[in-house]
Amino acid sequence: MGSTLNRETSLARFRDEEFDLAVIGAGINGAAAARDAAMRGLKVALIERGDFASATSSRSSKLIHGGFRYLPQGQFRLVYTALRERERLRRVTAPHLVRPIQFLFPVYRGRGFNRFTMSIGLTLYDLFARTPWAEWHSSLNSARVRETEPALSREGLRGGATYYDAWADDARITFENVLDADLHGAAVANYASVEGFVKTTEKSVEPLKGSTPPTVSISAALVRDLIGGGTCELRAKKFLNATGPWVDEIRRMDDPASRPSVRLTKGVHLVFARTMLPVRQALVLGDEDGRIVFVMPHDRYVLVGTTDTDFSGDPANVTADRADIEYLLGVMAESLPGIKLTIADVASSFAGLRALVTAGEGIEAPSKVPREEVILESRAGLITVAGGKLTTHREIAQKLVDRVMNELGKPATLCPTLATPLPGARPLDREATTGDAASIRSIGRDAAEILRARYGTRAPIVARFAAERPELAAPLARGCPAIGAEVVHAVRNEMAHSLHDFLIRRTSLTWRYPVEADSAAPAVAKIMAAELGWDSSREEQELASFKREQARRRVPA
Ligand SMILES: Cc1cc2nc3c(=O)[nH]c(=O)nc-3n(C[C@H](O)[C@H](O)[C@H](O)COP(=O)(O)OP(=O)(O)OC[C@H]3O[C@@H](n4cnc5c(N)ncnc54)[C@H](O)[C@@H]3O)c2cc1C
């Protein structure tokens, strides 16, 4: 079974049908809620203003983790839940996307943990995760730390530990949730924006003087098609606001007097060529206040992050600035003194916004934990989810959909996402695999490896395009781990509309292989032009826009 994602069909359904649940925003929280609700038999619409995962959910540290640093704060429940979800994703629901990563965490005198507290913390961490013995953490003395990573500073080094966590392609996890929502009957569209609500007053209630005010509820959302133009009224019984940094914008559409519920903080990541930052393995570094910065090598590049500073600008224009870059370079200069990095060595960067919950009116379950999600509900019935973690998206969605089922008067059901793998981790329909197994064999081992790593069991669907047109089995550029068939697949089956959609979200090439992404862009544009009927000026515009974005990621504003 190929993907059924079809934007035109979804837009027509938005106009014509009434839904049980309309989810606004297809970052990880909205996508996971839409998937869960659709799997429980609800009629679901998922509306995304940009591309799927175009905001925070493609700009995280990519860690699927418990958050070791929350243990000293006593956040045991958060860490436990996140570790259980990590293990579920890694072993059951998304093993094709979630990979183990071993960190070396050095301990320095006067900075954060000491060897004893680290050992206790990691024991708890491994127990919570039920880590298999082969991956159990190891405590190291300073000689072993130096041996493991000779580039680390020796001044004040007291020892350290190695431990396992996991990481994943955040944008693809989000996309697979979107896809699964669609496969279970949801109507899904990207580049469709919610711009207001239509409210209905319960007619049965007479607004007498001094009596309870009439019940007003949201009956429809005004949705604008940002590609084809035009608006429609999308009718639904319940509305879920999962718009991340924009949750308050949507809440104000419902109630202009609503108070801010989130405080935004910026997190920046930098990418370096591994030749410039030749670390042997993933590291957890601390700044002088004990704040953690991750250094994660992958193939030819190294991802470094993150920062955490208040943000008050336009969430649509969040970028790394010079101060962010200097902070991260400073942490590395302190911890890896032999490695001399400058701003000019930044191969790419990206910045995202955490929506941290502020205590305020209307918060139903006040969170003592800054990174834990909070669920609010307005008088008119708008449910808002804010905060949370990529790692715990399934659990957050479960809570949200339990609530929606209850409010719709539907019987409580066992949550199907507990044990159902994402699409790329379950067997393809037999019908689809007839002939497809042969197609994946015909495209060569390297291309097949690339596809399996990105699409899991769905790789044969992509391989079919390359089997039909062998030129599509070639890499998009020298050294670039993506092939032409993926562009065709992204346009036809994954709702990609631009170079950005393909190079930033569907393949993550902009942070995984930023230099190769530049070289691949012309080939991607050519295939997209043929698929989408672009003329040469549109093709040039797309390329110019992508080049500007890449330059912005390299040079701080
Ligand atoms: C720097 C950083 C690092 C992080 N690292 C990790 C990590 O390593 N591990 C981890 O578990 N978690 C991590 N997180 C947390 C995690 O990334 C977030 O919790 C998660 O991505 C939030 O997803 P979301 O769906 O709420 O928001 P978003 O991904 O921001 O999605 C909101 C969506 O709503 C859409 N939208 C907005 N307005 C409208 C509208 N009017 N109509 C329709 N759609 C609209 C937007 O376009 C957007 O796509 C990190 C967060 C940050 C910022």
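See the structure shown above.
Asker: I'd like a description of the site of the ligand, backed by residues and values.
Answerer: Close to the ligand lie 38 residues, the nearest being Glu48, Thr56, Ser57, Leu63 and Thr391. Here isoleucine 28 contributes a backbone N or O atom positioned 3.2 Å from an oxygen atom of the ligand. Within the backbone of valine 194, a nitrogen or oxygen atom sits 3.0 Å from a nitrogen atom of the ligand. Isolated, the ligand exposes 1,000 Å² of accessible area, and the fraction of that covered by the protein chains is 95%. Put simply, the parts of the chain that give the shell around the ligand at least two residues each are helix 2 (28-39), strand 8 (192-201), strand 11 (262-273) and strand 16 (348-357).

Asker: With reference to specific residues and values, describe the pattern of salt bridges.
Answerer: Any two side chains of opposite charge can pair, given that their charged atoms come close. Scanning the model with the defined rule gives 46 salt bridges in all. A salt bridge links arginine 512 to aspartate 169, with the shortest nitrogen-to-oxygen separation between them at 3.9 Å. Of the two residues, arginine 512 is situated in helix 16 (residues 509-512) and aspartate 169 in the loop between strand 6 (157-168) and helix 6 (170-183); the sequence distance between them amounts to 343 residues. With a shortest N-O distance of 3.0 Å, arginine 403 and glutamate 377 are connected by a salt bridge. Residue arginine 403 is located in helix 9 (residues 393-407), and its partner glutamate 377 is located in strand 17 (residues 374-377); the two are separated by 26 residues in the primary sequence. Among the charged side chains, a salt-bridge network with shared partners connects Asp51, Arg172, Glu494, Asp501, Arg505 and Arg506.

Asker: Can you tell me about the nonpolar core, naming the residues and giving the values?
Answerer: Judged by nonpolar contacts, the single largest core of 72 residues is most densely connected at Phe103, Leu476, Leu499, Val524 and Met528. Sort the elements by how many residues they give to this core and helix 17 (residues 514-532) lands first, with eight residues. Excluding residues that lie within four positions of it along the chain, phenylalanine 103 makes contacts with Leu63, Ala161, Thr162, Tyr163, Asp165, Gln281, Ala282, Leu283, Val284, Phe294 and Met296. With 37 residues, the next largest nonpolar core counts Leu264, Val268, Val295 and Val346 among its residues.

Asker: Go over the environment of serine 508 with me, naming the residues and quoting the values.
Answerer: Mapped onto the elements of the fold, serine 508 is located in the loop between helix 15 (499-506) and helix 16. Judged by relative accessible area, serine 508 falls into the buried class, the value being 1%. Note: C-alpha distance between serine 508 and alanine 151 (357 residues apart in sequence) is 28 Å. Beyond its immediate chain neighbours, meaning those up to four positions away, serine 508 contacts Asp169, Phe502 and Leu503. For serine 508, the side chain forms a polar contact with the side chain of aspartate 169, separated by 2.8 Å.

What counts and what doesn't
- Residues numbered from 1 in each chain as written.
- Predicted model: local features only at pLDDT ≥ 70, side-chain atom pairs only at ≥ 80, totals over all residues.
- Heavy atoms only, no water.
- Near = heavy atom within 4 Å.
- Polar contact = N/O pair within 3.5 Å; in protein donor to acceptor, adjacent residues only side chain to side chain.
- Areas by Shrake-Rupley, 256 points an atom, 1.4 Å probe, with all protein chains shown as cover.
- Helix = DSSP H or I, 4+ residues; strand = E, 2+ residues; numbered from the N terminus.
- Salt bridge = Lys/Arg side-chain N within 4 Å of Asp/Glu carboxyl O.
- Core = buried A, V, L, I, M, F, W, Y, C linked by side-chain atoms within 4.5 Å.
- Buried < 20%, exposed > 50% of the residue type's maximum accessible area, 1.4 Å probe, protein only.
- Contact = heavy atoms within 4.5 Å.

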